[in-house]
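Analysis of the macromolecular model
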Amino acid sequence: MAENAAISATDTSGGGAPTPMMAQYIEIKAANADSLLFYRMGDFYELFFEDAAVAARALGIALTKRGKHLGQDIPMAGVPVVSADEYLAKLISLGHRVAVCEQVEDPAEAKKRGGKSVVRRDVVRLVTPGTITEEALLEPGRPNHVAAMARLGGANGAFAIAWAELSTGAFAVRSTEAGRLLADIRAIDPAELVVGDALFHDEALKPVFASLGRLARPEPASLFDGATAEGRLARFFDVATMGGFGDFARAELAAAAGLLAYLARTQVAARPPLGRLARVETGETMLIDPATRASLELTRSVAGRREGSLLGAVDRTVTGAGSRLLAARIANPLAKAAAIARRHDAVSFLLAERRLGDALRAGLKGLPDGERALSRVALGRGGPRDLGALRTFLEGARETAAVLAGAEALTHELGEAAGQLRALPGDLEAELSRTLGDDLPLQKRDGGFVAAGAIPDLDEARSLRDESRRVIMELQATYAAETGIRSLKIKHNNVLGYFIEVAEAQAGALNGTEEARRRFFHRQTMANCMRFSTGELADLESRIAAAAATALKLELDAFERLVVLVCEAAAPIRDAAQALAVLDVSAALADLASAENWTRPLVDDSLAFRIEGGRHPVVEAALKSGSGDPFVPNDCDLSGEAGSHRGGAIWLVTGPNMGGKSTFLRQNALIAVLAQAGSFVPAATAHLGTVDRLFSRVGASDDLAEGRSTFMVEMVETAAILNQAGPRSLVILDEIGRGTSTYDGLSIAFAAVEHLHEVNRCRALFATHFHEMTALSARLDRLSNATMRVKEWQGDVVFLHEVRPGTADRSYGIQVAKLAGLPPRVVTRARDVLRQLERSGEGRRAAFVDDLPLFSAAASRQEPAAPAEPPAAVEALKSLDLDALSPREALDALYRLKAMT
Ligand SMILES: Nc1ncnc2c1ncn2[C@@H]1O[C@H](COP(=O)(O)OP(=O)(O)OP(=O)(O)O)[C@@H](O)[C@H]1O
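Residues numbered from 1 in each chain as written. Predicted model: local features only at pLDDT ≥ 70, side-chain atom pairs only at ≥ 80, totals over all residues. Heavy atoms only, no water.

1. Considerations on the pattern of salt bridges
- A full pass over the atoms with the stated rule returns 53 salt bridges.
- The partner of Arg-329 in a salt bridge is Glu-413, with the nearest N and O atoms 3.2 Å apart. Taken together, the residues span a long stretch of sequence, with Arg-329 in helix 13 (residues 320-331) and Glu-413 in helix 18 (residues 412-422) at a distance of 84 residues. We note that Arg-329, like Glu-413, is buried.
- Linking Arg-519 and Glu-536 is a salt bridge whose minimum nitrogen-to-oxygen distance equals 3.2 Å. Of this pair, Arg-519 sits in helix 22 (residues 514-519) while Glu-536 is found in helix 23 (residues 535-568), placing the two residues 17 residues apart along the sequence.
- Given the relative accessible area of 38%, Glu-536 is considered partly exposed. (Salt bridge = Lys/Arg side-chain N within 4 Å of Asp/Glu carboxyl O. Helix = DSSP H or I, 4+ residues; strand = E, 2+ residues; numbered from the N terminus. Buried < 20%, exposed > 50% of the residue type's maximum accessible area, 1.4 Å probe, protein only.)

2. As for the packing of aromatic side chains
- Inspection of every chain in the model, using the stated rule, returns 12 aromatic pairs.
- Each ring, one from Tyr-25 and one from Phe-49, has its centre 6.1 Å from the other, and the planes form 40 degrees; the classification is tilted. Of the two residues, Tyr-25 sits in helix 2 (residues 20-31) while Phe-49 sits in helix 3 (residues 49-59), which places them 24 residues apart along the sequence.
- Here Tyr-25 falls in the buried class, since its relative accessible area comes to 2%.
- Looking at Phe-49, the relative accessible area reads 24%, which means it is partly exposed.
- Measuring from centroid to centroid gives 6.1 Å for Tyr-39 and Phe-48, while their planes differ by 65 degrees, and the two rings are edge-to-face. Summarising the burial analysis for this pair, Tyr-39 and Phe-48 share the class buried.
- An aromatic cluster is defined as three or more aromatic residues linked by ring pairs; in this entry it consists of Tyr-25, Tyr-39, Phe-48 and Phe-49.
- It is Arg-276 that lies over the ring of Phe-245; its NZ or CZ is 4.7 Å from the centre.
- In this structure, Arg-519 is placed above the aromatic ring of Phe-520, and the distance from its NZ or CZ to the ring centre is 5.4 Å. (Phe/Tyr/Trp six-rings, centres within 6.5 Å; stacked < 30°, edge-to-face > 60°. Lys NZ or Arg CZ within 6 Å of the ring centre and 35° of its normal.)

3. Some remarks on the site of the ligand
- Taken together, 17 residues sit near the ligand, with Val-632, Met-658, Lys-661, Ser-662 and Thr-663 positioned nearest.
- Between an oxygen atom of the ligand and a side-chain N or O atom of Ser-662, the distance comes to 2.6 Å.
- In the complex, the protein chains occlude 77% of the 640 Å² of accessible area that the ligand would expose alone.
- Secondary-structure elements contributing two or more residues to the shell around the ligand are helix 25 (617-625) and helix 26 (661-677). (Near = heavy atom within 4 Å. Polar contact = N/O pair within 3.5 Å; in protein donor to acceptor, adjacent residues only side chain to side chain. Areas by Shrake-Rupley, 256 points an atom, 1.4 Å probe, with all protein chains shown as cover.)

4. With respect to the UniProt feature "binding site: ATP" (unreviewed entry) in the chain
- Per the UniProt record, "binding site: ATP" (unreviewed entry) is found at Gly-655, Pro-656, Asn-657, Met-658, Gly-659, Gly-660, Lys-661 and Ser-662.
- Summarising the element assignment, Gly-659 is placed in the loop between strand 21 (650-654) and helix 26.
- The contact partners of Gly-659, leaving out residues within four places of it in the chain, are Met-788, Phe-799 and His-801.
- The class of Ser-662 is partly exposed, set by a relative accessible area of 30%. (UniProt positions renumbered as here; feature names shortened; annotations may be inferred. Contact = heavy atoms within 4.5 Å.)

5. Focus: the pairing of strand 23 (residues 693-697)
- Counting buried positions along strand 23 yields four of five residues, so the element is predominantly enclosed.
- Summarising the sheet, strand 13 (residues 287-288) and strand 23 pair through two bridges and their orientation is parallel. From the neighbouring strand, Leu-287 faces strand 23, where its bridge partner is Arg-693.
- Direction of pairing for strand 23 relative to strand 24 (residues 730-734): parallel, over a ladder of four bridges. When the sheet's bridge partners are listed, Leu-694 is paired in strand 24 with Leu-730. (Pairing = 2+ DSSP bridges.)

6. Examining the pairing of strand 2 (residues 44-48)
- For strand 2, a buried count of four out of five residues is recorded, marking the element as mostly surrounded by other parts of the structure.
- Bridging between strand 2 and strand 4 (residues 72-80) involves five bridges; their strand directions are antiparallel. Across the sheet, Glu-46 pairs through a bridge with Gly-78, a residue of strand 4.

7. Considerations on the environment of Glu-219
- Structurally, Glu-219 is set in strand 11 (residues 216-219).
- Along the sequence, Glu-219 and Cys-567 sit 348 residues apart, while their C-alpha atoms lie 30 Å from each other.
- Not counting residues up to four positions away in its chain, the partners in contact with Glu-219 are Arg-97, Val-194, Val-195, Gly-196, Asp-197, Tyr-262 and Arg-265.
- Side chain to side chain, Glu-219 and Arg-217 meet in a polar contact 3.2 Å long.

8. Section: the confidence of the model for the chain
- On average, residues of the chain score 86 in pLDDT, and 92% of them reach the 70 mark or higher.
- Ranking the helices and strands of the chain by mean pLDDT puts helix 14 (residues 337-352) first, with 97, and helix 32 (residues 855-858) last, with 34.
- In the model, residues 1-14 has pLDDT below 50 throughout and makes 26 contacts with residues more than four positions away in sequence or in other chains.
- When the criterion is pLDDT under 50, residues 843-868 qualifies, and its contacts beyond four places in sequence or with other chains add up to 24 contacts. (pLDDT = per-residue confidence, 0-100.)

Following this line, the structure appears as C-alpha cells:
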C-alpha cells in the first residue's frame, strides 16, 4: 500500500525528479529495453509508459494512469499475479518477450532502511517464446524448442545449430551448411532462434532471416565465443572435457555454449536443467527442404494447425510426451535403414502382442508429463502438484516396467526402454508417496501438502494449531454465555487477526462497565457492529500463528528436501520419460497399423520405390469421416534397376483436373516419410530404398512478404530441386510451369523432366497438364507415363481415381469447371473456344488465341454462333499477285478492298 502511494505521490506539479520507485522502475526497464516489464506491486504486475499501452492493446485490459513523470501522466496497466500465466501466454504468442520483475526482499526490510526506501526488486526471469515451462503456456503434444546458431571461421566458416527444450531438458546440436540452414532450422521447428549479432546482420544470410521473421533474434556475439565455448560447456556439465559426450566440431560447441549462455540470461538465477548434449550426425535424417515440409503438411496444415496434417491423422498416442516424440519423428524421418528397422521391429512386436500393447496404452493413459514437471521443479518454479505429478509418473513407470517384465524377447528399442524404466531409483517414488498428501495445493506457500504422519514435528505443530482453533470455538461459547449475547462470534481477518464481534446494540455487555472493559478491549467499530479482543484470545492467536508458521516452515523444508532428491534423479527420470514416450509411440503406431490395415514397409539400401495399393492417410481419413466414399488405392513403382547406377524411374502423370494427381503424388511422399519415421504405411506392400532427401513442389502461393510472385516462387523451388536432388532423392513435382504462358511453361516442364532424368537421376513423380510431354517417354528410357482414369457419362466426367499406365487424352477442365458451378454461359462459351482451338491445330494455337474476339464482346450471346466464313475482303486480298501490280493498279485494289469492308 505504502508503495502504491509512493507512485501516486510523484511530483504532480510537473517536472522534477521521479519518486524513488519510479527511479527504480526506470533503471530496471532500461536494462530490459527489448522486453515488456512486469513490475511486481502487491498482487499485481504493473506495466508503465509505452509497455502499458502495448499490453493494454494486446490483452484488452484497461489503460489507466498513475502519478506524473516529467510533467506527463504515467500510463499504467496491470494484470493480477494469480492469472498472470494467461496474459503471459497471449503476449508470448504475439511475439513479445516479458521480463518478470519481483520484489526480492521483505517490505519490512526496506522499512528498516528508512521510511522512503523502496522494496528491492529484480528481474528474476525473461519469458520468451522458446523458454516457457508453465503447463498453461505449453501445448502438451508439441515440443517447444529454443535454438541457437553459430558460425566459426568467417564467411565460409562452419555452421552449427544447437537446440534445447527447457520444459523437458532435451539438448542437442548438429553441424550444417549455408545451403541447408533453413531446412535444418525448420526441421527443428524452434519457437525462437538466437544468433550472434554479427551473423544476424550478415548480408549473405539475409534471405534466411527474412524467411524466419521474428523467430530469429540477435544476441551479443560474445555468447558464441568459440575460444571459451568448450570450457563453459564443461563447467556446466561439471566434466573435465566435452569429449565424453561425443566428438563435437568447434562450431557445434560454440552454438551449444551460446544457447546455454542465452538460457542462463533468460532464467537469471536458475540453472537451466538440461540433459546431456546429444550430437545429431548429418545424414542420420532425411533432409526435407522448407517448401516441401510446408507443402506436405507433415506436422502442421497450411493453415498452421495440427488437424489436417499428417501428424494429426496418425497420432494415436496417449501421453503428451508420446505425442511430442511422434511429432519429432515425423518432422525428422531417419535415413539409415538399420535405425529405421529398429523402430519397425518395435511396432511389429506390439502388433503381434496386442494384449501387451493395449496394457501399455492403458497404463500410460492419463500419466502426468514427468519431464515437464521435472523441469519446473529443477528451475525452482515447481509447486506441490509438480511433485505430485512426479510421484504418479514414477508409479506409472514402475507399473509399466512390470508389464514389460512379463514379455519375452523384447525388441532392441523396447528392451532399451524397459532397461531405462528399471533404472529409476525406487526410493524416490517411496519418499514422494510417503511425504506428499493427496490433495495438493498449487503453491507451496499455501502449505497443507505434506501427508499426516510423514513428519512428527509437523503433526505436532498442526495439532497445536488445530487444538487452538478448537479452544477458540470453546471460548466463543464461553463468552456468549458470559455476556448473554447468543450471536457473539469470534472471527478472523488478515488485519485484526482473531476478534470478538457483536452487534452494536449489544456491545454494552462488553464495554458497559469498568470490569467488562478490563476483560474485553475495544478494537474496531464498524457500521453495525463492534469488535473486541481479550488477553486469552490474543494469547491463543499468537500460539496459532506460531504453530502455523512452524508447520509451514516444516512443510517448506520438506518440499526443498524432495526437490533436491528429484534433481539428483533428474537424469534417470528424463530417460524414463523418454522410454515411456517410445513405448507410447510404438504402441500407438501398432494400434494405428492394426485399425487402418497398414503394413510394414521394407526399407533397405536399394533404390527401390515399389508401393502396391498405396493410400493417402489424410485424404482417406477425410473421406471416411465425410462422404464415406472409399479411397481408391494405387500402385507406384519408381525403382531404379538393382545393381545399376543409372538412377531411379520417373512417372509422368497426366489426367483430368480433380482426377487425383496431387493426392497420388503426395501419398507416395507421405509413405516415404512415414516409413522412414518408423511407422507402418498405408499400403498393401511397400519396398523402399532409403530416401536421403525429399523434395516436393505441389501448389504454390504468392510470397508477397518476400516480394516474389507465384511463378517466381515456383521457379525458385524448382531450381532448388534441380540443383540439389541426387540419386537417393525422391522428387515430387506437380504442374511445373503452370504460372506462365503455355509455351514457356511447357518448355520449362520439358527441360525440367529431362534434367531430372539425365542429371539428377532420382526417383520422381511429375504431374502435368501438358499432354505434349508424354511423348518424352519415347526418348527417356526410365520415364513412363501414367494417367488417372475417368469415365464420361452423359457429357459429364466421373473420376475413378485410378492410376494406370498410359496417357490422358484430354483434361476435362471444362467439365470440372461446370461441376464447380461456373455460370452456364461461361461453360458454353468455353466449350466453343475449346472446339475452335482443337480445330485450329496445335501449331497455330497461340496465334489463334490472340485472334479471338474479346470474351466480353462474345459473351453477350447465350449460344455461340457457328464459326464465321473468312470475309470476302480477305479472300480478295489473298488472290492478289502483288509482284504483278503497277502502282496505279495497287491503289485501285486498295480502294476495292476498302469498299468491301
Ligand atoms: N485415390 C483416391 N480415392 C478416392 N478419392 C480420391 C482419390 N484421389 C483423390 N481423390 C479425391 O479427389 C479430390 C481431388 O484430388 P486431387 O486434388 O489430387 O486432384 P488433381 O488431379 O490433383 O486435381 P488438379 O489437377 O485440379 O489439381 C481429392 O480431394 C479427393 O477427395
